[in-house]
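What follows is each chain in one-letter form.
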Amino acid sequence: MKSQDIGLLLKLVALQQQEDVGAKSQVEKAWPHDWQDWQDPDSEGDKGWEGPSLAVLNIYYSLQNYIASRYTVRALAQETGISKSQINLGLNRCYEVGLAKKDRHLDVPRANKRALFDFIIYGLKYIFPAKPKELTRGIATAFAAPVLKDKLMSAGEFVLVWPDARGNTKGQSVEPLFKSATFAVRRDPQMYALLALVDAIRLGQPREANLATKLLKERLGV
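The model shown is predicted, which means the values in this text are computed figures rather than measured ones. (Residues numbered from 1 in each chain as written. Predicted model: local features only at pLDDT ≥ 70, side-chain atom pairs only at ≥ 80, totals over all residues. Heavy atoms only, no water.)

Quick notes on the overall build of the protein
- Helix and strand content of the protein: eleven helices and five strands.
- Surface exposure of the protein reaches about 11,500 Å², of which carbon and sulfur atoms provide 50%. (Helix = DSSP H or I, 4+ residues; strand = E, 2+ residues; numbered from the N terminus. Areas by Shrake-Rupley, 256 points an atom, 1.4 Å probe, with all protein chains shown as cover.)

Pasting the structure below:
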């Protein structure tokens, strides 16, 4: 397993949740108003996936084809910043160890959410450890991220950030779970929440980790 495989599995979770809340939310992904901890991109190529209107979808695609199109190797690479070859290899690794499986009806990859949750809770911090480093500018993560912010009386003496030139927050640098994580979170609010909770679990004190565990369990639906 590679750490980017966990990022890929979290993306599969986010995509499935977008299916569950309906096609309109897939196409019109609205960020919570106070969740964007970075400057708007200068180029069109980094604004995230913007699907066609529902009218266009109804004309050109069946819902199943539309859903399947979001799980292609190319689409997953575009959404995560992980290369297409590594997407292929990562999916195969996850199938082999039971962290992913094929959907019997849609033939798309699905995360084994219970197994993924157990791995994150009990194994992730030992296999892919992280620790705060020098002060830098970046995107807030762990208990400083919006998904956890204001849910704790005290978050400790420092703020944790993923280093990123567009980030709005200054804090202690934390290496993200995978290299292109800051690219991936700018494209998907659910991905941002999931990765920040994972960081809180692998970096936080028991109180922060326990709260993050509870919230991650809710978001994974396990």
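Observations concerning the pattern of salt bridges
- Evaluated as defined, the whole model comprises ten salt bridges.
- For lysine 11, the salt bridge is made with aspartate 188, and the minimal N-O distance between the two is 2.7 Å. One end of the pair, lysine 11, is in helix α1 (residues 3-20); the other, aspartate 188, is in the loop between α9 (181-185) and α10 (189-203), with 177 residues separating them in the sequence.
- Given the relative accessible area of 1%, lysine 11 is considered buried.
- Exposure remark for aspartate 188: the relative accessible area of 1% places this residue in the buried category.
- Measuring nitrogen to oxygen at the nearest pair gives 2.9 Å for the salt bridge that ties aspartate 164 to arginine 186. (Salt bridge = Lys/Arg side-chain N within 4 Å of Asp/Glu carboxyl O. Buried < 20%, exposed > 50% of the residue type's maximum accessible area, 1.4 Å probe, protein only.)

Focus on the packing of helix α7 (residues 113-122) against helix α11 (residues 206-220)
- In contact at an axis separation of 10 Å, α7 and α11 are set at 165 degrees when each is read in the N-to-C sense. Accordingly, the angle class assigned to the pair α7 and α11 is roughly antiparallel. Of the two possible hands of crossing, α7 and α11 adopt the one that is right-handed. Counted together, Lys113, Arg114, Phe117, Ile120 and Ile121 of α7 and Thr213, Leu216, Lys217 and Leu220 of α11 form the full contact between these two elements. (Axes fitted to C-alpha atoms, helices over the stretch in contact; angles between N-to-C directions. Parallel < 35°, antiparallel > 145°, perpendicular 65-115°, else oblique. Left-handed = near helix turned anticlockwise from the far one by under 90°. Contact = heavy atoms within 4.5 Å.)

Things to note about the side chain of arginine 202
- For arginine 202, the location among the structural elements is in helix α10.
- Relative accessible area serves as the criterion here: at 9%, arginine 202 is assigned to the buried category.
- Separated by 2.9 Å, the side chain of arginine 202 and the backbone oxygen of phenylalanine 128 make a polar contact. (Polar contact = N/O pair within 3.5 Å; in protein donor to acceptor, adjacent residues only side chain to side chain.)

Side note on the nonpolar core
- Leu9, Leu10 and Leu195 are the most contacted members of the largest nonpolar core, which totals 59 residues.
- The dominant element in this core, judged by the number of residues it contributes, is α10, at eleven residues.
- Dropping the residues within four chain positions of it, leucine 10 is found in contact with Leu116, Ile120, Met191, Leu194, Leu195 and Val198. (Core = buried A, V, L, I, M, F, W, Y, C linked by side-chain atoms within 4.5 Å.)

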